[in-house]
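Chain by chain, the residues:
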Amino acid sequence: MRKYRFRVIVVAASVLLSMWFLFPTYQDYELSAQKKALSGADSLQFVEQHETEIREYRKKRIKLGLDLQGGMRVVLEVNVVSLIEKLAKNKDDAFAAIIKEVRQQVARSDESPVVLFRGECEKRGVRLSRYYLNLRDTDDDVFLFLEDEAKKAVDRGMQIVRNRVDQYGVSEPSIQKLGGTRIIVELPGVSNEREVQDLVGKTALLEFRLLKEPEVAARVMEGIDKFLASKDSTSTPEDTTNITPEVEKTPEQFAKEHPFFAIAGFTQQGVATVAEENKDKVRRLLDRSDIKRLIPSDMEFLWSAKGQLGQDGKKYFTLYPAKKAAELEGGVITNARATIDPNYNQPIVTMEMNTEGSREWSRITGANINKRIAIVLDQSVFSAPVVRSKITGGHSQIEGMENLEEGKLLEIVLKAGALPAPVDIIEQRSVGPSLGEDSIRKGLLSAGLATLLTILFMVIYYRTGGIVADFAVVFCMLFILGVLAYFGGTLTLPGIAGIILTLAIAVDANVLIYERIREEQETGKTLRAAIDEGYAKAFSAILDSNVTTFITGLILFQFGSGPVQGFALTLIIGVAASMFSAIYITRIFFDIMTDKNQSLVNFG
Amino acid sequence: MRVFGKTTIDFLAYRKVFYFISAALITAGIVSLVVKGLHFGIDFLGGTELVVEFTREVEIGEVRSAMDKAGFGDAEIKTFGSNRDILIRTVKQGAGTTIGDQIREGVATHFKDNPFTVIKEDKIGPKIGAELQRDAYLAVFFSLVAICLYVAFRFKFVYGVGALIALFHDVLVTIGMVSIFDGLTPNLNLEISQNMIAAFLTLVGLSVNDTVVIFDRIRENKKIFRSMGLVELINKSLNETLSRTIITSGTIFVVLIVLFVFGGEVNSGFSFALVVGIITGTYSSIYIASATVVEWNERKARKKAA
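By convention here, each chain's residues receive numbers from 1 onward along its written sequence. As they are written, the chains are lettered A onward and the ligands numbered 1 onward, keeping that order. Totals for whole chains, interfaces and linings use every residue, but because this is a predicted model, local features are given only for residues with pLDDT of at least 70 and side-chain atom pairs only at 80 or more, for both listing and counting.

Side note on the overall build of chain B
- Secondary structure counts use DSSP, requiring at least four H or I residues in a row for a helix and at least two E residues in a row for a strand, with both numbered from the N terminus. The number of helices and strands found in chain B is nine helices and four strands.
- Element order for chain B, N to C, with α for helix and β for strand: α-α-β-α-β-β-α-β-α-α-α-α-α.
- Considered along the principal axes of its C-alpha atoms, chain B spans approximately 80 × 45 × 30 Å.
- Taking all 306 residues of chain B together, the buried fraction comes to 46%.
- Each residue is represented by a C-beta atom placed from its backbone, and any two residues with such atoms within 7 Å are regarded as in contact. Long-range pairs, those at least 24 residues apart, make up 78% of the contacts in chain B between residues at least 6 apart in sequence. Residues with at least 20 other C-beta atoms within 10 Å of their own are called buried, those with 12 or fewer are called exposed, and the rest are partly exposed. The C-beta atoms themselves are positioned from the backbone.

This is how it looks when you write it as structure tokens:
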């Protein structure tokens, strides 16, 4: 046995590793099965109890494609022509004609709209600086400026969509940039087109909202806290007089007496901080109708868009008590820019407003010195600076960013109010959950049936050889899923088809080897020599045929999109896994068996 | 167990007959392509497509008149798996979900007492459709070229040519069959979608896989039987690999049949193309790929003699 030790270890290690990668998928499956068995309130409680586990396993499991679990995929394209149109100054009839022409060209061409626009201007002998920047600027300058604006518009569009999707609470959304001007949004489990339309298609709303005074906020939160405590303790009434306030309370005790403050820590600035793990819980609380009654009608709680790392290494989100009515809307902003303040070497964001906005702004800031005004995009707070003085002339400066990156984000957000990125939905696919379940059932049924038939056939036709080949098929399946889990891959219906095909390829490799071994045995070779020869001679055929399949897979992955890529991915992984299991693993079985008892080995 | 013992079939003797059969199949396919054409799906045409699941079975004709009334006289309407599931598709384009909403409304007003849910809704802009189409052609083209180059590199140039011709043959035959069989029975929707393109590329992979195994045997026998004539050598190799060819292709065939029957509506076009592909792929390895090598050599010999 000693001489096989290395190979056995390699195989055992790969099997264990695959199982390790697949463990979260299994756990996730178990947890959702348990959750499904519970009803209504119980299942909610179950989710609360296992929140961290569920999140952890979710992250590492094999994801199911939208075709299997239902959901929606939307491809957005930033309408660069509209952007170019919006950015232009001194628009005239000639400009309108150019834009009209470019719009038609864009529909037919793959060229970037900015290039087409420039080409059209040049064709008509119009200088770009007539409409953009300063008259002295060259066409190249303007061209770069427009390209840059187009790029920024895509970033802005992504930020707007991400912000909304985060608030919407979709689990595992995927938002990616595709090429220069496109954004792919995938929302598993979402099937309501209208909501998604709002989610991605609506114009962004940027508002400036005053925060409620800390005293008011404190009063409201205390009210909520007391209300929750009284509700919880109705079953076990407590005599509060017995508790001396001097004694340090244990966290459990505190949580019992202050159910709200235990998860939403109140700060001096009149806001609350909530750890990421409790965010959903607090959100659910604030949504309850009996809690809503405790919040004044002119106030609402808004979340910070981004979390911040606390001292304990956890991510904390801020809960802002804001006024419901906006002081000013973002349409008045004309420009925003993130820079480093040369005097203090601190990141700052400067913001310009139009005349009308400036007038309003000076009134608002003048009346609210030392109060905080939140910058709110689609209901999430990106910053809540304190007003230091009355701002006249519309030129404001926002400080207090941690780094330039944060400043850049604020710049994007402020511009989203000034220049909403015009996006078109160019592709939208939705699969209802019932169709997804149906697809899974049929996919698994056919995969199972096909595998069973193949396994049976192999055993009947090749006897021991067949059994070994069947083991190889099982290992192969395990490896494919393991690798898929490791890379965070997505399993789609075509992906399942890809796996079935790879299993066929794995079987083919063994068929090639066994047929060769049979031929060698017929020439009168000993079993051991026939096995050696069979493996050696079959190898080149297996290699060449697998390489060609591999090439097809790679090309498919490159040029395919969405579901086809899923197929290509499993095919690529499968080819590698099938060669390993069909050649390397089966060989160990035969070597050990021929060593121990030659009569065990039989190729039918 | 053994299905095939040693065989000594003179495969190549009948090759002219099979050229004729291939030519006939391809011609039939081309005629169908010209007359009937291919049925491009929404992926490539753009438009809006809804799959509506009714509570009770409905008549296709009823859905059609509902759509006519709603202003979608050009809409394509067919069943999607069962008679409760109806696919409605139009190439009309509209902003947002307007087209989808109109279709929904049309269905709702007509089938007041038969509640329905939309289980699938796709909307593809015309630009995306054109791009997907281009990418699909590129994918098929590049994989053919890459495979041809690899085979030419691993074997000899003429083998690469043989493999390439065989692949073109397989793709042509399959496209022809897809065109002929599309819509022959109400449940057979063989439209060209992204999944269908994946099927074509798999077919290419499987077909070349089979060809390579035979070429590999020819390459090996050539080294052993140096004095043997090419036709005899190829025949010998074909006979030696016959058992494997039948077993592998047979296994894959069964797998695909299972996928076709049980895999659901979404997979049916995919598995149909592959069922055709595995048959022509197996056959073309012998009568197209290997035969090309023979023809090439005979022509060279004739030239030398002349």
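A word on the overall build of chain A
- Helix and strand counts for chain A stand at 20 helices and 18 strands.
- A radius of gyration in this sense is built from C-alpha atoms; the matching globule rule multiplies 2.2 Å by the number of residues raised to 0.38. Relative to the 2.2 N^0.38 estimate, which gives 25 Å for 604 residues, the radius of gyration of chain A is 32 Å and therefore markedly larger than a compact globule would have.
- Across the 604 residues of chain A, 40% fall into the buried class.
- Summarising the internal contacts of chain A: among those between residues at least 6 apart in sequence, 72% fall at separations of at least 24.

Some thoughts on the pairing of strand β2 (residues 76–80) of chain B
Residue and element names in this part refer to chain B.
- By definition, two strands form a pair when at least two bridges between them are found by DSSP. Of the strand pairs in this sheet, β2 and strand β3 (residues 82–90) are connected by five bridges, and their pairing is antiparallel. The partner of Glu76 across the bridge, within β3, is Arg89.
- Hairpin connection from β2 to β3: one residue lie between these consecutive antiparallel strands, with Gly81 at a positive phi of about 90°.

Here's the deal with the confidence of the model for chain B
- Confidence scores per residue from the predictor, reported as pLDDT, run from 0 to 100. Within chain B, residue pLDDT values average 87, and 99% of them lie at 70 or more.
- Scored as a whole, the predicted complex attains pTM 0.76, and scored at its interfaces, ipTM 0.85.

What to know about the interface of chain A and chain B
- Between chain A and chain B, the residue contacts involve 58 residues of the former and 55 residues of the latter.
- Ranked by residues supplied to the side of chain A that touches chain B, first place goes to helix α16 (residues 433–462) of chain A with 15 residues.
- Three categories are distinguished: nonpolar for Ala, Val, Leu, Ile, Met, Phe, Trp, Tyr, Cys and Pro, charged for Asp, Glu, Lys and Arg, and polar for the others, with Gly belonging to the last. Partitioning the side of chain A that touches chain B into residue classes produces 31 nonpolar, 18 polar and nine charged.
- Here five bridges tie strand β17 (residues 423–431) of chain A to strand β4 (residues 116–124) of chain B, and the two strands are oriented antiparallel to one another. Note that in β4(B) the partner of A:Val431 across the bridge is B:Lys120.

With respect to helix α5 (residues 80–87) of chain A
Residue and element names in this part refer to chain A.
- Buried residues of α5: Val80, Val81, Leu83 and Ile84, and no others. Angularly, the buried residues of α5 cover 160° about the axis, an arc narrow enough to put them on a single face.
- The inward-facing, buried residues of α5 abut β2 (71–78), α6 (93–108), α7 (113–123) and α8 (139–168). To obtain the arc, one takes the directions from the helix axis to the C-beta atoms.

Things to note about unusual backbone geometry
Residues and elements named next belong to chain A.
- At Asn90, a position not held by glycine, the phi torsion is positive, near 45°.
- Structurally, the position occupied by Asn90 is in the loop between α5 and α6.
- In this structure Asn90 comes out as exposed when scored by C-beta crowding, with 8 C-beta atoms within 10 Å.
- The phi angle at Arg463 is positive, at roughly 50°, despite the residue not being glycine.
- Note on placement: Arg463 falls in the loop between α16 and α17 (464–486).
- Owing to 17 C-beta atoms within 10 Å, Arg463 belongs among the partly exposed residues under this scheme.

A few points about the domain arrangement of chain B
Residue and element names in this part refer to chain B.
- Under the domain assignment used here, chain B contains domain 1 (11–40 + 129–305) and domain 2 (47–124).
- Across the boundary between the two partners, domain 1 contributes six residues, which contact five residues of domain 2.
- Along the lines of polarity and charge, the residues of the side of domain 1 that touches domain 2 split into one nonpolar, four polar and one charged. Residue ranges for the domains trace back to a domain assignment, done automatically or taken from a database.

Focus: the pairing of strand β4 (residues 182–188) of chain A
Residue and element names in this part refer to chain A.
- For β4, a buried count of five out of seven residues is recorded, marking the element as mostly surrounded by other parts of the structure.
- Sheet topology places strand β3 (residues 174–178) next to β4; five bridges connect them, and they run antiparallel. Residue pairing in the sheet places Lys177 in a bridge with Ile183 of β4.
- The turn joining β3 and β4, which pair antiparallel and follow one another in sequence, is formed by three residues; a positive phi near 65° is taken by Gly179.

What to know about the domain arrangement of chain A
Residue and element names in this part refer to chain A.
- Splitting chain A by domain gives domain 1 (78–154), domain 2 (203–235 + 250–431) and domain 3 (432–600).
- Using only C-alpha atoms to locate each centre, domain 1 and domain 2 end up separated by 37 Å.
- Looking at the side of domain 1 that touches domain 2 element by element, the count peaks at three residues for α5.
- Class assignment for the residues of the side of domain 1 that touches domain 2 results in three nonpolar, two polar and one charged.

As for the sheet that holds strand β13 (residues 346–353) of chain A
All names here are of chain A.
- With respect to topology, three strands assemble into an open sheet ordered β12-β13-β16, the strand pairing being antiparallel. On the outer flanks of this sheet lie β12 (333–341) and β16 (395–398), each paired with one strand and no other. Sheet twist, expressed as the mean angle between neighbouring strand axes with direction ignored, is 20°.
- Note on definitions: angles span 0 to 180 degrees between N-to-C directions of axes, and those axes are lines fitted to C-alpha atoms, for helices only across the stretch in contact. The strands touched by helix α15 (residues 404–418) are β12, β13 and β16; relative to β12, the strand with the most contacts, the crossing angle is about 175°.

Quick notes on the nonpolar core
- To count as a nonpolar core, a set of buried Ala, Val, Leu, Ile, Met, Phe, Trp, Tyr and Cys residues must be joined through C-beta atoms within 7 Å. Core analysis: the biggest nonpolar cluster contains 124 residues, and A:Cys476, A:Ile480, A:Ile500, B:Ala163, B:Phe200 and B:Ala273 have the highest contact counts within it.
- With 17 residues, helix α18 (residues 493–522) of chain A is the largest single contributor of residues to this core.
- Setting aside residues no more than four positions away along its own chain, A:Ile480 makes contact with A:Ile499, A:Thr502, A:Thr570, A:Ile573, A:Gly574 and A:Ala577.

Notes on the packing of helix α1 (residues 5–37) of chain A against helix α3 (residues 51–60) of chain A
All names here are of chain A.
- Packing of α1 against α3 brings their axes to within 8 Å, and their N-to-C directions diverge by 135°. Taken together, the axes of α1 and α3 lie oblique to each other. For the pair α1 and α3, the sense of crossing is left-handed. Contacts between α1 and α3 involve Pro24, Gln27, Asp28 and Leu31 from the former and Glu53, Ile54, Tyr57, Arg58 and Lys60 from the latter.
- Of the residues that constitute the contact of α1 with α3, the class distribution is four nonpolar, one polar and four charged. Any angle that is under 35 degrees is reported as roughly parallel, and any over 145 degrees as roughly antiparallel; angles of 65 to 115 degrees are reported as roughly perpendicular and all others as oblique. For a crossing to be left-handed, the near helix must be turned anticlockwise from the far one by less than a right angle; the clockwise case is right-handed.

So, the environment of A:Glu427
- With respect to the helices, strands and loops of the structure, A:Glu427 is situated in strand β17.
- Taking the number of C-beta atoms within 10 Å as the measure of exposure, A:Glu427 has 24 and is therefore buried.
- Through-space distance from the C-alpha of A:Glu427 to that of A:Leu228 is 46 Å; in sequence the pair is 199 residues apart.
- Among all residues touching A:Glu427, those that are not within four sequence positions of it are A:Val75, B:Lys123, B:Ile124, B:Gly125 and B:Ile128.

Remarks on the packing of helix α7 (residues 194–224) of chain B against helix α8 (residues 230–262) of chain B
All names here are of chain B.
- At a minimum axis distance of 9 Å, the contact between α7 and α8 shows a crossing angle of 150°. Between α7 and α8, the crossing angle belongs to the class labelled roughly antiparallel. The handedness of the crossing between α7 and α8 comes out as right-handed. Of α8, the residues touching α7 (which contributes Leu206, Asp210, Val213, Ile214, Arg217, Ile218, Asn221 and Lys222) are Leu233, Ile234, Lys236, Ser237, Leu238, Glu240, Thr241, Arg244, Thr245, Ser249 and Ile252.
- For the contact of α7 with α8, the class distribution of residues is eight nonpolar, five polar and six charged.

Overview of the sheet that holds β3(A)
- Strand order in this open sheet of eight strands is β3(A)-β4(A)-β2(A)-β17(A)-β4(B)-β1(B)-β3(B)-β2(B), and the pairing throughout is antiparallel. Edge positions in the open sheet fall to β3 of chain A together with β2 of chain B, since each of these has one partner strand only. Each neighbouring strand pair of the sheet contributes to a mean axis angle of 20°, computed without reference to strand direction.
- Sitting on the sheet, helix α4 (residues 98–110) of chain B is in contact with β1 (47–54), β3 and β4 of chain B, with an inclination near 30° to β1(B).

Brief notes about the environment of A:Ser304
All names here are of chain A.
- Position of Ser304 relative to the elements: it lies in strand β8 (residues 299–304).
- The spatial distance from the C-alpha of Ser304 to the C-alpha of Val376 is 8.9 Å, given a sequence separation of 72 residues.
- Among all residues touching Ser304, those that are not within four sequence positions of it are Phe317, Thr318, Tyr320, Ser380 and Val381.

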